[in-house]
Amino acid sequence: SQKIEQNSEALNIQEGKTATLTCNYTNYSPAYLQWYRQDPGRGPVFLLLIRENEKEKRKERLKVTFDTTLKQSLFHITASQPADSATYLCALDIADSWGKLQFGAGTQVVVTP
Amino acid sequence: GAVVSQHPSRVICKSGTSVKIECRSLDFQATTMFWYRQFPKKSLMLMATSNEGSKATYEQGVEKDKFLINHASLTLSTLTVTSAHPEDSSFYICSADGTRLDTQYFGPGTRLTVL
């Protein structure tokens, strides 16, 4: 397995600003990388998937980038809202393991009005 | 679409008892389901991969005799924590592969507390 690093410190941001989260990995580049949202006491909810041959993906106010040279993905929430407050997890597919995912520990985002 | 349920959502049991957690895909068939556990402020740790009609595949360090997994149908997988101890207290989450094998749909989780 590889090491996946996400900022452990909570990201506090004012409503309307853009939140940017980082996901770094150390070893092989995954075939795809995913971002999930997790609320306290709940299971993760799938947000976006980006493949190794894609540079950027967008979905409404969310944007994900994937740089296999830097071994990094950035997750952006534009025009953030208090309802965006949650923990965001990145997940990478595990090489040669069909469908298995390895998760980062997540970054908590707190959006204040 | 792609809804996964878990039952129960919370369970408290005495040490030494066994607890069964159900994971169901409600509106799709899932050939593969995954079981995770998560400690507070920690990452999801994959415990095992469950395939319908065959034995589960356990990750390194996970005791297969302690965490019994049964995937009897394309919509149901169960995890039984046998002879539970306080150190088994955790948040257990299942997920299911939908029609897209690169996306997992997660259940709401089960909070297990062993006294």
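Definitions and cut-offs
- Residues numbered from 1 in each chain as written.
- Chains lettered and ligands numbered in written order.
- Predicted model: local features only at pLDDT ≥ 70, side-chain atom pairs only at ≥ 80, totals over all residues.
- Heavy atoms only, no water.
- Contact = heavy atoms within 4.5 Å.
- Buried area = accessible area lost by both parts, 1.4 Å probe.
- Salt bridge = Lys/Arg side-chain N within 4 Å of Asp/Glu carboxyl O.
- Helix = DSSP H or I, 4+ residues; strand = E, 2+ residues; numbered from the N terminus.
- Nonpolar A, V, L, I, M, F, W, Y, C, P; charged D, E, K, R; others polar.
- Buried < 20%, exposed > 50% of the residue type's maximum accessible area, 1.4 Å probe, protein only.
- Core = buried A, V, L, I, M, F, W, Y, C linked by side-chain atoms within 4.5 Å.
- Phe/Tyr/Trp six-rings, centres within 6.5 Å; stacked < 30°, edge-to-face > 60°.

A. Seen up close, the interface of chain A and chain B. On the side of chain B, 20 residues touch chain A, which itself brings 19 residues to the contact. With both chains or domains summed, chain A and chain B bury close to 1,600 Å², and 54% of this area falls on carbon and sulfur atoms. Our enumeration of links across chain A and chain B arrives at 1 salt bridge. A salt bridge links K100(A) to E59(B); the shortest N-O distance between them is 2.7 Å. Listing elements by their share of the side of chain A that touches chain B, those giving two or more residues are strand 4 (32-38), strand 5 (45-51) and strand 10 (101-103) of chain A. If you tally residues by element for the side of chain A that touches chain B, the top one is strand 4 of chain A, at 4 residues. For the side of chain A that touches chain B, a count of residues per class yields 10 nonpolar, 6 polar and 3 charged.

B. Focus on the pattern of salt bridges. What the rule picks out here adds up to 8 salt bridges over all chains. Ionic pairing is found between E56(A) and R58(A), a salt bridge with its closest N-O pair at 2.9 Å. We note a salt bridge from E22(B) to R24(B), for which the minimum N-O separation is 3.5 Å. Using a relative accessible area of 24% as the deciding quantity, one classes E22(B) as partly exposed. For R24(B), a relative accessible area of 33% translates into the label partly exposed.

C. Looking closely at the environment of Q60(B). All names here are of chain B. Examined against the element boundaries, Q60 turns out to sit in the loop between strand 6 (57-58) and strand 7 (67-73). Overall, Q60 belongs to the exposed group, its relative accessible area being 83%. Between the alpha carbons of Q60 and L46 there is a distance of 9.7 Å; along the sequence they are 14 residues apart.

D. Main features of the nonpolar core. Counting 23 residues, the largest nonpolar core has W35(B), L79(B), Y92(B) and L112(B) as the members making the most contacts within it. Breaking this core down by element, the ones donating at least two residues are strand 2 (10-13), strand 3 (19-25), strand 4 (32-38), strand 5 (44-51), strand 7, strand 8 (76-81), strand 9 (90-97) and strand 11 (110-114) of chain B. Residues within four places of Y92(B) in sequence aside, it is in contact with Q6(B), I21(B), Y36(B), R37(B), M47(B), F67(B), L79(B), G109(B), T110(B) and L112(B). In terms of nonpolar packing, the next biggest core, distinct from the first, is built from 22 residues, C23(A), F75(A), A86(A) and Y88(A) among them.

E. Molecular detail of the packing of aromatic side chains. In total, this model carries 11 aromatic pairs over all chains according to the counting rule given. Residues Y36(A) and F106(B) carry aromatic rings whose centres are separated by 5.3 Å and whose planes lie at 85° to one another, so their mutual orientation is edge-to-face. In this pair, Y36(A) is assigned in strand 4 and F106(B) in strand 10 (residues 104-106), connecting two distinct chains. Here F106(B) falls in the buried class, since its relative accessible area comes to 10%. Taking 6.3 Å as the distance between ring centres and 45° as the angle between the ring planes, the aromatic pair formed by F67(B) and Y92(B) counts as tilted. Linking F67(B) in strand 7 with Y92(B) in strand 9, this pair joins segments that are 25 residues apart in sequence. For F67(B), a relative accessible area of 6% corresponds to the buried category.

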